[in-house]
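Now for the letters of each chain:
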Amino acid sequence: MTHVSSLYLHVPFCKHLCNYCDFYKKQYDPASNQLEDFHQFLDQSWRIHEELFSEQKAQWSELKSVYLGGGTPSLWGTKGAEYFKHFLKSSLKLSADCEFTMEIDPGTWTVDMMMAWREIGLNRISIGTQTLDPRFITIMDRSHSLKESHELLSYCQKEQLNFSLDFLLGIPFSQEKERDIKSELDQLLSYRPQHISLYILNARSKYPLIDALPDDDYIREEYLLVSDYLRSQGFNHYEVSNFARPGFESVHNLRYWRGESVAALGPTGTGYLNLSSDSALRYKWKVSRPDIEIEKLGEAELSLEKAYLSLRTSDGWKPECFSAKHDEIFNHWVHQSYGSYHEGRMRLNSQGYVLLDSLMDDLFRAKLV
Ligand SMILES: C[S@@+](CC[C@H](N)C(=O)[O-])C[C@H]1O[C@@H](n2cnc3c(N)ncnc32)[C@H](O)[C@@H]1O
Ligand code: SF4
């Protein structure tokens, strides 16, 4: 029997569709029936989800983590809190120490809405700040002002909430306009966040500012600068894109990286069921109707995922079928200052994280994954 105690729910609305974002979302229109349609989608999905659980012999346990991602979940508002309260009560139970996160964008929340969610268990907030430089907030096509960013940061600090910030690197014109990363970080750190997610802009070929993106060397330097600085301020660089003060690592996201089961609901939401040591199932919700696409994972896929996901985190990777070739490659990586290697376990550092894809290629070429 597979026990599942984590839930991701994708809320597919945004006030404005940022020109760089490929996540599934629609423009939010408060005068429309979008929320009612979304609730209907979730109600119908729930029945399909229960069938999936019964087929796969999976069972809910008390939830240890809930993550409302998007899109912009804060736009779900007090109506969302009412729906979700009822949903939880009729189907699921939160554990007393459940980590319950909502992604919130500046300018898309109210104190009433926040109180309604906090009453039903919300205890962690992930804020879409991206940058605190007025030049770059415009370049990044964000709908919110910096005043709205500071208002949300002040609220979280004043209410002593557990909160995380999203911070974006590789922004167009960063080089030409001499983006001052450290001064932005100092402003952000003055609000005492417990967690920071650091993303590098991933632009598709039709991105309008594709020609103004900084080069790879510049982005690598930015990444290492942020990592050095945050570590000097007491954060652990515990995953390629994530930093936390000790004890504030994301319980929910660690479950993905450790290959543990996480259920999902909402269009494009992707769930994972760890069925046994050599089989798992990934399912993704379609957007057109409440239905799922299923991918089955066997021993070979799982062993590749295990290597890749473990190397992403400070847990590191200890190959099960250890060989002299692993030893040779790991010693080479240590020699290049990409991480540390003890008792068969390789742990990358920030210099290694930034090269993760090419390090995975080393393993492929040597037929070690
Ligand atoms: C999908 S958003 C959802 C939360 C919220 N709406 C926001 O904008 O922060 C989560 C994170 O993904 C980042 N993101 C979206 N598109 C991206 C891209 N093309 N490259 C890198 N990060 C991206 C956003 O900047 C944000 O920090
Ligand atoms: S607000 Fe977030 S989810 Fe919405 S379009 Fe912008 S980056 Fe994407």
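Residues numbered from 1 in each chain as written. Chains lettered and ligands numbered in written order. Predicted model: local features only at pLDDT ≥ 70, side-chain atom pairs only at ≥ 80, totals over all residues. Heavy atoms only, no water.

1. A look at the site of ligand 2
Put simply, the rule is: Distances are taken per atom, and a residue is near a molecule or strand as soon as one of its heavy atoms is within 4 Å of it. Any residue that is not Ala, Val, Leu, Ile, Met, Phe, Trp, Tyr, Cys, Pro, Asp, Glu, Lys or Arg is counted as polar, Gly included; the first ten are nonpolar and the last four charged.
Within the structure, ligand 2 sits among Cys14, His16, Leu17, Cys18, Tyr20, Cys21, Lys25, Gly71, Thr72, Asp105 and Arg142. In terms of residue class, the shell around ligand 2 is built from five nonpolar, three polar and three charged.

2. What to know about a negative patch on the surface
Note the threshold: Each patch is built from residues lacking any salt bridge and having more than 30% relative accessible area; the joining distance is 9 Å for like charges and 5 Å for nonpolar side chains (Val, Leu, Ile, Met, Phe, Trp, Tyr). Only the protein chains shown count as cover for residues, and the accessible areas themselves come from Shrake-Rupley with a 1.4 Å probe. Salt bridge, as used here, is a side-chain nitrogen of Lys or Arg placed within 4 Å of a carboxyl oxygen of Asp or Glu. We score Asp and Glu as negative and Lys and Arg as positive, and we do not count His or the chain ends. For charged residues, the charge sits on one atom: NZ in Lys, CZ in Arg, CG in Asp, CD in Glu. Runs of E in the DSSP output that reach at least two residues are strands. Runs of H or I that reach at least four are helices, and both are numbered from the N terminus. Here's how the labels work: a residue is buried when its accessible area is under 20% of the maximum for its type, exposed when over 50%, partly exposed in between, all with a 1.4 Å probe on protein chains only.
A cluster of acidic side chains, namely Asp215, Asp216, Asp217 and Glu221, defines a negative patch on the protein surface. Along the chain, Glu221 falls in helix H7 (residues 216–232). Residue classification places Glu221 among the exposed residues on the basis of a relative accessible area of 57%.

3. Focus on the site of ligand 1
Counted only if it meets this: As used in this structure description, the phrase polar contact means that two N or O atoms lie within 3.5 Å; if the pair is within protein, one of them must be able to donate a hydrogen and the other to accept it, and residues adjacent in sequence are counted only when both atoms belong to side chains.
Not every one of the 17 residues close to ligand 1 is listed here, only the nearest: Tyr20, Gly71, Arg142, Asp166 and Asn202. Gln130 has a polar side-chain atom sitting 3.0 Å from an oxygen atom of ligand 1. One of the side-chain nitrogen or oxygen atoms of Asp166 is found 2.7 Å away from an oxygen atom of ligand 1. For ligand 1, the accessible surface in isolation is 540 Å², of which the surrounding protein chains cover 91%. Among the secondary structure elements, those contributing two or more residues to the shell around ligand 1 are strand S6 (124–130), strand S7 (162–169) and strand S8 (195–200). Its residues assigned to classes, the shell around ligand 1 shows seven nonpolar, six polar and four charged.

4. Focus on the domain arrangement of the protein
As a reminder of what qualifies: The domain boundaries here were taken from an automatic or database domain assignment. Note on contacts: a residue pair qualifies if any of its non-hydrogen atoms lie within 4.5 Å across the two residues. As a working definition, buried area equals the accessible area (1.4 Å probe) given up by two parts on being put together, with both sides summed.
In terms of domains, the protein is made up of domain 1 (2–255) and domain 2 (314–369). The centre of domain 1, based on its C-alpha atoms, is set 30 Å off from the matching centre of domain 2. Opposite the nine residues of domain 1 that make contact, domain 2 presents seven residues. Roughly 710 Å² is buried in total at the junction of domain 1 and domain 2, and carbon and sulfur atoms are behind 64% of that figure. Considering only the surface of domain 1 that becomes buried against domain 2, Arg220, Leu224 and Val240 emerge as the three largest contributors, covering 51% of it. Linking domain 1 with domain 2 are zero salt bridges, by the criterion used here. For the pair domain 1 and domain 2, the interface holds four residue pairs in polar contact (both at pLDDT 80 or more). At five residues, the largest contribution of residues to the side of domain 1 that touches domain 2 is made by H7. Here the side of domain 1 that touches domain 2 is built from residues that sort into four nonpolar, two polar and three charged.

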